[in-house]
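# Breakdown of the fold
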Amino acid sequence: MFIVTSICARYLGTNDYGIISYNFSLVGIITLLFSLGADTYIIVQLSKSRKSDKVNKLITINIVNRLFLIVVITLSIIILNNFVTIYSFDKVAIIIYLTAIIDTFRTVSDGFFQSIEKLKYIAWFEFARAMILLLGVIVIMQLDYGLVGVASLYLFSSAIFLILSYYLLFIKYKVRLVKTRFVDSIDIIKVAFPFFLSTAITMIATQLDVVMIGNIGGNVQTAYYTTAKKIIDIVLMAPSIIAMALLPKISNQEITKKNSNKIVKYIFGIGVVVSIGVFLFSKFVIILAFGKEYEISYHIIRVFCVGFPFIFVNSFLSTFLNGNGKQKKVLWVNVVGTVGNVVLNFILIPKYLSVGAAIATISTIFINYIQFTIYYKREEFNLKGECGNE
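Please read these numbers as outputs of a predicted model, since none were measured by experiment. (Residues numbered from 1 in each chain as written. Predicted model: local features only at pLDDT ≥ 70, side-chain atom pairs only at ≥ 80, totals over all residues. Heavy atoms only, no water.)

### Some details on a nonpolar patch on the surface
A cluster of nonpolar side chains, Phe268, Val272, Ile276, Phe279, Leu280, Phe281, Phe284 and Leu288, forms an exposed patch at the surface whose accessible area comes to about 800 Å². Within the element layout of this structure, Leu280 appears in helix 9 (residues 257–290). (Patch = residues over 30% accessible without salt bridge, like charges linked within 9 Å, V, L, I, M, F, W, Y side chains within 5 Å. Areas by Shrake-Rupley, 256 points an atom, 1.4 Å probe, with all protein chains shown as cover. Salt bridge = Lys/Arg side-chain N within 4 Å of Asp/Glu carboxyl O. Helix = DSSP H or I, 4+ residues; strand = E, 2+ residues; numbered from the N terminus.)

### Digging into the packing of aromatic side chains
Evaluation of the coordinates by the stated rule reveals 22 aromatic pairs. Plain terms: the ring middles of Trp124 and Phe127 are 6.0 Å apart, the flat faces sit at 85° to each other, and that makes the pair edge-to-face. Within this pair, Trp124 and its partner Phe127 are both found in helix 5 (residues 119–143), separated by 3 residues, close to a single helical turn. Residue class for Trp124 comes out exposed when judged on its relative accessible area of 58%. With relative accessibility at 46%, the residue Phe127 sits in the partly exposed group. Three or more aromatic residues joined by ring pairs make a cluster, and in this case those are Phe34, Tyr87, Phe89 and Tyr97. Cation over ring: Lys172 sits above Tyr173, and NZ or CZ is 5.7 Å from the ring centre. Its guanidinium or amino end placed over the ring of Phe279, Arg302 lies 4.7 Å from that ring's centre, counting from NZ or CZ. (Phe/Tyr/Trp six-rings, centres within 6.5 Å; stacked < 30°, edge-to-face > 60°. Buried < 20%, exposed > 50% of the residue type's maximum accessible area, 1.4 Å probe, protein only. Lys NZ or Arg CZ within 6 Å of the ring centre and 35° of its normal.)

### Observations regarding the packing of helix 11 (residues 308–323) against helix 12 (residues 327–378)
Following both chains from N to C, one finds helix 11 and helix 12 inclined at 40°, their axes separated by 9 Å at the closest point. One finds that helix 11 runs oblique with respect to helix 12. Regarding helix 11 and helix 12, the two cross each other, and that crossing is left-handed. In this structure, helix 11 contributes Phe310, Ile311, Val313, Asn314, Leu317, Ser318, Phe320, Leu321 and Asn322 to the contact, and helix 12 contributes Gln327, Val330, Ile365, Phe366, Asn368, Tyr369, Phe372, Thr373, Tyr375 and Tyr376. (Axes fitted to C-alpha atoms, helices over the stretch in contact; angles between N-to-C directions. Parallel < 35°, antiparallel > 145°, perpendicular 65-115°, else oblique. Left-handed = near helix turned anticlockwise from the far one by under 90°. Contact = heavy atoms within 4.5 Å.)

### Let's talk about the side chain of Asp209
With respect to the secondary-structure elements, Asp209 resides in helix 7 (residues 182–217). Given a relative accessible area of 1%, Asp209 falls into the buried group. Those residues in contact with Asp209, other than ones at most four positions away along the chain, are Tyr225, Lys229, Asn345, Ile349, Ala357 and Thr361.

### Details of the side chain of Thr361
The topology assignment puts Thr361 in helix 12. Setting aside residues no more than four positions away along its own chain, Thr361 makes contact with Asp209, Tyr225, Phe304 and Asn341.

### Topic: helix 4 (residues 91–115)
For helix 4, spanning 25 residues, the distance from its first C-alpha to its last is 37 Å, which sits close to the expected 36 Å at 1.5 Å a residue. The buried fraction of helix 4 amounts to 20 of the 25 residues, a majority that puts the element mostly inside the structure. The first or second residue beyond helix 4 is Glu117, which carries a positive phi of 60°. (Expected span 1.5 Å × (residues − 1).)

### Concerning the environment of Val178
Inspection of the secondary structure assignment puts Val178 in the loop between helix 6 (146–172) and helix 7. Taking the C-alpha atoms as reference points, Val178 and Asp53, 125 residues apart in sequence, are found 8.8 Å from one another. Among all residues touching Val178, those that are not within four sequence positions of it are Asn56, Lys57 and Thr60.

As far as function goes, none of this settles anything; it's purely spatial.
Right, dumping it as structure tokens:
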């Protein structure tokens, strides 16, 4: 995906790339309302019990809830747009919105694959999608379809892999849609609400800066900042993959507190090594991948490097607490961190734009690291073979 992004950025230029980045960030915040946190909760429940009747019920509720919420949220945005612009439904924005809807349905099947520890399907789909996007971008460049062509390509690729993932879900693994009660849907939303708040707060903390930079600094500044974050996103795939792989084992209490302490040390060490490497080669990578037009982005990346080790650890500790039923602790950490992030964004972005946003993010990461560490060491976990405080 990184190669696709770099080619798109070169082809579109800073202005159009800023437009598409802004819309993806804004719609990313909106789509949180499409699931209300049910995905993470359902993954945990499916990991604990794989009985077909329970699997069918949870998957059905997740899909039905999503359909209902998409309709409600979309209609609400259309109505509110008459008073204040929430999401501008121009041609490119509509295409990106539809892409996000398709992607949110794919999280249902991806969550199932994660719960049964079949991450290979998710990995292969992402690889194949990247190849389609790569070939598609080359065609679009030759035909010069511009911004609308690039946005449409993302929509097309999302649709293909939604169909393939649901084929596996319903045909290979024989998941069935079943009758559910309205009260069951409400119960899921209630129980999953802490997951929603936690995810929403995290998403706001990570996407609000892009939206603010777009509104204050314009499309070009958005392009610089988004380019830097693309490099960061690649780096952060490592702790995310580790967390995804470990969540089912944590939920089943197969990882003891002692083992988790070792994991934390290893992850922190990896973060330090990655931080040094990215800091040294950031300018070279930006120019090589995106071109001289985006060179200024390397300053932003170097600010982010300070927080890499703590980002790695935060990802694991958050997963460990969630997997052990401590969602409220994770929620509180994210609430405190996000409040700090929003305040710092409003202070720093108007004056320092992209660099200010990076400083605000790093400050938030460190605040969250302190909180996660405190909860991790003080909280009592009922794990296999041990129970106690540390």
